[in-house]
Protein chains: 2
Amino acid sequence: MGIVVVGTVAFDTIETPFGRGENVLGGSATYFSTSASFFSDVSLVAVVGEDFPDEHVQFLQSRDIDVKGLSRIPGKTFHWTGKYGYDLNEAQTLDTQLNVLMEFRPNLPESYRDAEYLFLANIDPELQMEVLEQVRKPRLVACDTMNFWISSKPEALKRVLQKVDIVVINEAEARQFTGEVNLIKAARGIIALGCRRLVIKRGEYGVLMFTADSVFAAPAYPLEEVFDPTGAGDTFAGGFMGYLANTGDLSEDGIRQAIVFGSVMASFNVEDFSLNRMKRLEYKEIEARYKSFKSLTNFRDIAMP
Amino acid sequence: MGIVVVGTVAFDTIETPFGRGENVLGGSATYFSTSASFFSDVSLVAVVGEDFPDEHVQFLQSRDIDVKGLSRIPGKTFHWTGKYGYDLNEAQTLDTQLNVLMEFRPNLPESYRDAEYLFLANIDPELQMEVLEQVRKPRLVACDTMNFWISSKPEALKRVLQKVDIVVINEAEARQFTGEVNLIKAARGIIALGCRRLVIKRGEYGVLMFTADSVFAAPAYPLEEVFDPTGAGDTFAGGFMGYLANTGDLSEDGIRQAIVFGSVMASFNVEDFSLNRMKRLEYKEIEARYKSFKSLTNFRDIAMP
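Residues numbered from 1 in each chain as written. Chains lettered and ligands numbered in written order. Predicted model: local features only at pLDDT ≥ 70, side-chain atom pairs only at ≥ 80, totals over all residues. Heavy atoms only, no water.

### Quick look at the interface of chain B and chain A
Listed by partner, the interface residues are 46 residues for chain B and 46 residues for chain A. Among the residues of chain B in contact with chain A, Tyr-205, Phe-299 and Pro-305 of chain B are the three that bury the most area, contributing 18% of the side total. On inspection of chain B and its partner chain A, the count reaches 20 residue pairs in polar contact (both at pLDDT 80 or more). If you list the elements that add at least two residues to the side of chain B that touches chain A, you get helix 6 (171-178), helix 7 (183-192), strand 13 (214-218), helix 8 (232-247), helix 9 (252-269) and helix 11 (283-297) of chain B. Top contributing element to the side of chain B that touches chain A by residue count: helix 11 of chain B, with 7 residues. (Contact = heavy atoms within 4.5 Å. Buried area = accessible area lost by both parts, 1.4 Å probe. Polar contact = N/O pair within 3.5 Å; in protein donor to acceptor, adjacent residues only side chain to side chain. Helix = DSSP H or I, 4+ residues; strand = E, 2+ residues; numbered from the N terminus.)

And the structure:
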């Protein structure tokens, strides 16, 4: 089987300089699985409340996402309220209502436990560890986290980092985790903690990927219109893991190409609120943007001084 | 003949979190010509005062830089004092003593007027225009500018932009010039003013290059130690123009490769104060870093979903 993602399915209320979305569909597992579904089978583990409308579940199913692991329990769905200024790189959290998320204890359906690819989206690192223990022989595991866990549960987080193959975090989190201002030093510090491969997201500045002995830099796809960066990181991770699950190529070259597909998916997601762009995205658009991404970064040795 | 650069030769007093440089050698023409001298003949036009020590002139000559256009006049040399915080991307100007720069009226030696390549470093756009009128048939002209001229002489600056082949400015200047927050829109706006090719410098985030119908993104070379960003932009421009003058290849591919050589030169310059790193730089280091720059950005189509 393909990818299993454990994370959140949520309502978001988002304000950007370009508009406002009230109680729109959000959540890390939602963005990740929708993005990954363009490349691979994907199964989702998350919790929602009684207020979560069927239409959203039907949308996930329309993307052939396995929702067996989506449990609906008494109470209200996790609700995040955030705001972006003109610097769309950073969200300001206005309100977080955990609601049913407080009772979230991921319990993978039997059919999920043979997952080849596992993505631990940003949840409590202790829950991430519980999930790791439930999956038998995954071929590749990646995880995300956030500033809250870095400051509140650094030791649990370090144990997770040592167990996964790829850590995907943003620039500020890498600096916070290591107390290093210089991003390259910060990356080396995280690698030194026992993380084999580190992907650092830099918003409109793209992505840096580190191993102990290599660095790869991919720019963000240049966009004239960015409406809503919410979910860009999880959409990136979904495209990245989806591509890897699709090709099965875990060579450095294969992983670099996956980074580019992840970047392409993120570039679509930010073009509209919530998952609206994803809902109307067609695979041929992905292919076309991948091609222009190549021409964006391509240079050749044509003459050496 | 090769490249002519018109700009400043200055004393800098610089403070960074990593140290302090007092009355050190600086100036846009100094950084540019030193960087370009690794690839091409370069001649310099600038003014200094009576206080400018011969050892600095001898250094420029040791790089085979033609200093016929360096005039020494009564008064003191231009002195810039600046400070960087941990965010090394932006300098805070503490003091600017124009001194002899106030009387600077660039007058090109006869032998300079057949220059094939011309770089108009950041000076008054009206002076940039005077220089343009003195050069007979340059093959390629590029220019830089700064926030001060964008706000004080926008019209003169626009006239210069329309006469040059390549404009090289930083991210904040591109946004300021157009009043556009979105960098891609800002770039389109500057292209629309009649600038054929625009290179936008983004510090540690690298470079974006625009034409009416193409975009090229190059990352900055990842460095664990950045001591002093002063002169990085002019060092970039020097490597960029120097490479172009060396190969004579003004195709899109040739210009993209020149961007990478410019980025490589800038990455060395920031490793030490003033021009100290440039003074001990050897060509084989440039070749080696170019190669690792390639592996930093290279990805291949190995499998398409």
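The structure having been displayed, the exposition proceeds.
### Some words on the sheet that holds strand 4 (residues 42-48) of chain A
Residues and elements named next belong to chain A. The sheet built from 9 strands is open, its strands ordered 5-4-1-8-9-10-11-12-13 with mixed pairing. One side of each edge strand has no neighbouring strand; the edge strands of this open sheet are strand 5 (65-72) and strand 13 (214-218). The mean angle between the axes of side-by-side strands here comes to 15°, regardless of whether they run parallel or antiparallel. Taken together, the 4 bridges between strand 8 (residues 117-120) and strand 9 (residues 140-143) define a ladder with parallel strand orientation. Bridged to Tyr-117 within strand 9 is Leu-140. Taken strand by strand, helix 2 (residues 54-62) contacts strand 4 and strand 5, and its axis lies near 150° from that of strand 5. (Pairing = 2+ DSSP bridges. Axes fitted to C-alpha atoms, helices over the stretch in contact; angles between N-to-C directions.)

### What to know about unusual backbone geometry
All names here are of chain A. In this structure, Asp-64 is a non-glycine residue whose phi angle is positive, near 60°. Residue placement: Asp-64 occurs in the loop between helix 2 and strand 5. Look at Asp-64 and you get exposed, because its relative accessible area is 64%. (Buried < 20%, exposed > 50% of the residue type's maximum accessible area, 1.4 Å probe, protein only.)

### With respect to a nonpolar patch on the surface
A surface patch of nonpolar side chains, about 300 Å² in accessible area, is lined by Phe-18 and Tyr-86 of chain A together with Val-181 of chain B. Mapped onto the secondary structure, Tyr-86 of chain A falls in the loop between strand 6 (79-84) and strand 7 (91-97). (Patch = residues over 30% accessible without salt bridge, like charges linked within 9 Å, V, L, I, M, F, W, Y side chains within 5 Å. Areas by Shrake-Rupley, 256 points an atom, 1.4 Å probe, with all protein chains shown as cover. Salt bridge = Lys/Arg side-chain N within 4 Å of Asp/Glu carboxyl O.)

### Comments concerning helix 9 of chain B
One turn of an α-helix holds 3.6 residues; hence residues three or four places apart share an orientation. With 18 residues, helix 9 of chain B extends 26 Å between its outermost C-alpha atoms, agreeing within 8% with the 26 Å of an ideal straight helix rising 1.5 Å per residue. Of all 18 residues in helix 9 of chain B, 17 are buried; the element is thus mostly enclosed. (Expected span 1.5 Å × (residues − 1).)

### Regarding the relation of the copies chain B and chain A
Under the fitted operation, chain B is carried onto chain A by 0.0 Å of movement along the axis and a turn of 180°, and the coordinates agree to an RMSD of 0.0 Å. Classification of the inter-copy transformation places it as that of a two-fold axis. When each C-alpha of chain B is compared by its distance to the rotation axis, Tyr-205 of chain B comes out closest, at 3.1 Å. Interface overlap between copies is the fraction of interface residues in one copy that are interface residues in the other; for chain B against chain A it reaches 100%, indicating a shared surface. (Least-squares fit on C-alpha atoms with pLDDT ≥ 70 in both.)

### Observations regarding the packing of aromatic side chains
This structure, assessed with the given rule, holds 29 aromatic pairs over all chains. A ring pair is formed by Phe-39 of chain A and Tyr-283 of chain A, whose centres lie 6.1 Å apart and whose planes are at 75°; its orientation type is edge-to-face. Here Phe-39 of chain A, found in the loop between helix 1 (28-36) and strand 4, pairs with Tyr-283 of chain A, found in helix 11 (residues 283-297); they are 244 residues apart in sequence, far enough to count as distant. Judged by its relative accessible area of 7%, Phe-39 of chain A is buried. With a centroid separation of 4.4 Å and 5° between ring planes, the pair formed by Phe-32 of chain B and Phe-119 of chain B is classed as stacked. Here Phe-119 of chain B lies in strand 8 (residues 117-120) and Phe-32 of chain B lies in helix 1 (residues 28-36), a separation of 87 residues in the sequence. Note on accessibility: Phe-32 of chain B and Phe-119 of chain B belong to one class, buried. A network of ring pairs unites the aromatic residues Phe-39, Phe-216, Tyr-221, Tyr-243, Phe-261, Tyr-283, Tyr-290 and Phe-293 of chain A together with Phe-299 of chain B as a single cluster. Lying over the aromatic face of Phe-59 of chain A, Lys-279 of chain A brings its terminal NZ or CZ to 5.0 Å of the ring centre. The positively charged end of Arg-289 of chain B is found above the aromatic ring belonging to Phe-268 of chain B, 3.9 Å away from the centroid. (Phe/Tyr/Trp six-rings, centres within 6.5 Å; stacked < 30°, edge-to-face > 60°. Lys NZ or Arg CZ within 6 Å of the ring centre and 35° of its normal.)

### Some thoughts on the confidence of the model for chain A
Per-residue confidence for chain A averages 95 on the pLDDT scale, and 100% of its residues sit at or above 70. Here the predicted complex carries an ipTM of 0.90, next to a pTM of 0.94. (pLDDT = per-residue confidence, 0-100.)

### What to know about the side chain of Thr-16 of chain B
All names here are of chain B. Structurally, Thr-16 is set in strand 2 (residues 10-16). Assessed through its relative accessible area of 7%, Thr-16 is described here as buried. Those residues in contact with Thr-16, other than ones at most four positions away along the chain, are Tyr-84, Phe-227, Asp-228 and Phe-273.

### A word on the pairing of strand 1 (residues 3-6) of chain B
Residues and elements named next belong to chain B. By the alternation rule, side chains of strand 1 split into Ile-3 and Val-5 and Val-4 and Val-6, which are all buried. When strand 1 meets strand 4 (residues 42-48), the two strands line up parallel, connected through 4 bridges. Bridge pairing in strand 4 places Ile-3 opposite Val-42. In terms of strand pairing, strand 1 meets strand 8 through 4 bridges, oriented parallel. Considered in strand 8, the bridge of Val-4 is made with Leu-118.

### So, the sheet that holds strand 2 (residues 10-16) of chain A
Residue and element names in this part refer to chain A. The 4 strands are arranged 3-2-6-7 in an open sheet whose pairing can be described as mixed. Every interior strand has two partners, whereas the edge strands, strand 3 (19-26) and strand 7, have only one. In this sheet, neighbouring strand axes are inclined to one another by 15° on average, regardless of whether the strands run parallel or antiparallel. Note that strand 6 and strand 7 share 6 bridges and pair antiparallel. Bridging from a neighbouring strand, Lys-83 pairs with Gln-92 of strand 7. Against the sheet, helix 1 engages strand 2 and strand 3, with an angle of about 80° to strand 3.

### Considerations on the pattern of salt bridges
When the charged atoms of two side chains lie near each other, side chains of opposite charge can form a pair. In the structure shown here, the tally under the stated rule is 48 salt bridges over all chains. Across the salt bridge formed by Lys-68 of chain A and Asp-66 of chain A, the nearest N and O atoms sit 2.8 Å from each other. Residue classification places Lys-68 of chain A among the exposed positions, given a relative accessible area of 52%. For Lys-284 of chain B, the salt bridge is made with Glu-282 of chain B, and the minimal N-O distance between the two is 2.3 Å. For Lys-284 of chain B, a relative accessible area of 54% puts it in the exposed group. Taking relative accessible area as the criterion, Glu-282 of chain B reaches 41% and is therefore assigned partly exposed. One network of salt bridges, in which partners are shared, links Glu-271, Arg-277, Glu-285 and Arg-289 of chain A.

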